[in-house]
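In case you want the letters, here they are:
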Amino acid sequence: MTTPEITIATPADRSAVVGSLVAAFVKDPILRHLFPDEETYPRYAATFFGHLFDKRVHRSSIFTIGGGASTAIWEPPAGQPAASVASHGSREEAGYPADVSTRVESYDQAVHDALPTFAFWYLGVVGTHPNSAGRGWGRAVMRAGLDRASAEGLPAILETSNPGNVELYRRGGWEVVGSMAEPVPTWFMQQPPR
């Protein structure tokens, strides 16, 4: 079986990418902290991922495979430290109620405060739709961003609130470089340029 080609997402890929990420993160600790209600999770998570997509799609830093079934949303280093890595605009723009908006903004600020001040490529999201899991597509789209970071001689940074991902990322060459306990235990990891 051949692996489909990795492509750089365009605005036309938004719906497929957002749908895959909403499905991929249903049990993710931070997404469930931000959006704990089963009924509203799909809508709020779609808003969350849609904003991340819209913010980066014109930077040619969203890599997809399988028609959006697996996606890595990267933030290139221009302008870092980012004013807001996961900023989702005002509560009114996002359509979040006050409690959800407070959680999103609080987590965003906590992540921003923990990121390094040197230039790096930031892996904001990597996820694969459950129907396409186990094919290695997540590693492939992640690798596309790591290759770009390495070509620029820069490290890559990510954060994960899923304890099981820490060892998975370690096996892929990432090192834990920091952590935060609140609002959800989160590990910051770095991969030096190859």
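Residues numbered from 1 in each chain as written. Predicted model: local features only at pLDDT ≥ 70, side-chain atom pairs only at ≥ 80, totals over all residues. Heavy atoms only, no water.

1. Overview of the overall build of the chain
Filter applied, for reference: Strands here mean DSSP runs of E at least two residues long; helices mean DSSP runs of H or I at least four residues long; both are numbered from the N terminus. Relative accessibility decides the category of a residue: with a 1.4 Å probe and only protein chains considered, values under 20% of the type maximum give buried, values over 50% give exposed, and everything between is partly exposed. In this analysis, two residues are considered to be in contact whenever any of their non-hydrogen atoms come within 4.5 Å of each other. Accessible surface is estimated by sampling points in the Shrake-Rupley manner with a 1.4 Å probe; for residues, cover comes only from the protein chains shown.
Along the chain, the regular secondary structure elements total 7 helices and 7 strands. Going residue by residue from the N terminus, the α and β elements of the chain occur as β-α-α-α-β-β-α-α-β-α-β-α-β-β. A burial count over the chain gives 47% of its 194 residues as buried. Intrachain contacts of the chain at a sequence separation of at least 6 include 71% that bridge at least 24 residues. With the model as given, the accessible surface of the chain reaches about 9100 Å², and the carbon-plus-sulfur share is 53%.

2. Here's the deal with the pairing of strand 6 (residues 175–180)
Quick reminder of the rule: Strands qualify as paired when DSSP identifies two bridges or more between them.
As paired elements, strand 6 and strand 7 (residues 186–191) share 5 bridges and run antiparallel to each other. When the bridges of strand 7 are listed, Gly178 appears paired with Phe188. Counting the residues in the hairpin turn of strand 6 and strand 7 gives 5 residues.

3. Observations concerning the sheet that holds strand 6
The line we're drawing: Only the contacting stretch of a helix is used when fitting its axis, a line to C-alpha atoms as for every element, and angles between N-to-C directions run 0 to 180 degrees.
Spatially, 1-2-3-4-5-7-6 is the arrangement adopted by the 7 strands of the open sheet, whose pairing is mixed. Strand pairing shows two members of the sheet lacking a second neighbour, strand 1 (7–8) and strand 6, which therefore form its edges. Here strand 5 (residues 156–160) runs beside strand 7; their pairing, made up of 5 bridges, is antiparallel. Its bridge partner lying in strand 7, Ala156 is registered against Gln191. Against the sheet, helix 1 (residues 14–24) engages strand 2 (62–65), strand 3 (70–75) and strand 4 (121–128), with an angle of about 80 degrees to strand 4. With respect to the sheet, helix 6 (residues 137–151) is in contact with strand 1, strand 2, strand 3, strand 4, strand 5 and strand 7, its orientation differing from that of strand 3 by roughly 25 degrees.

4. Quick notes on the nonpolar core
Counted only if it meets this: To define a nonpolar core, start from buried Ala, Val, Leu, Ile, Met, Phe, Trp, Tyr and Cys residues and group those joined through side-chain atoms within 4.5 Å.
Counting residues in each nonpolar core, the largest one holds 33 residues, and the members touching the most others are Leu31, Phe35, Phe48 and Phe49. Broken down by secondary-structure element, the contributors of at least two residues to this core are helix 1, helix 2 (29–34), helix 3 (41–56), helix 5 (98–114) and strand 4.

5. Looking at the pairing of strand 2
Residues Ile62 and Thr64 of strand 2 are buried on one face, and the alternating residues Phe63 and Ile65, pointing to the opposite face, are buried as well. For strand 1 and strand 2, the ladder comprises 2 bridges, and the chain directions are antiparallel. Within the sheet, the bridge partner assigned to Ile8 lies in strand 2 and is Phe63. The turn linking strand 2 back onto strand 3 is made up of 4 residues, and Gly66 within it adopts a positive phi angle of 65 degrees.

6. As for the side chain of Ser150
Structurally, the position occupied by Ser150 is in helix 6. According to the relative accessible area criterion, Ser150 is buried, its value standing at 18%.

7. Considerations on unusual backbone geometry
In this structure, Pro183 follows Glu182 across a cis peptide bond, with omega equal to 5 degrees. The phi angle at Ser60 is positive, at roughly 55 degrees, despite the residue not being glycine. Here Ser60 is to be found in the loop between helix 3 and strand 2.

8. Points about the confidence of the model for the chain
Which entries qualify depends on this criterion: pLDDT is defined as a per-residue confidence score from the predictor, taking values between 0 and 100.
Averaged over the chain, the pLDDT score is 89; the fraction of residues at 70 or greater is 90%. Confidence drops under pLDDT 50 across residues 80–92; counting only partners more than four residues distant or on other chains, this segment forms 36 contacts.

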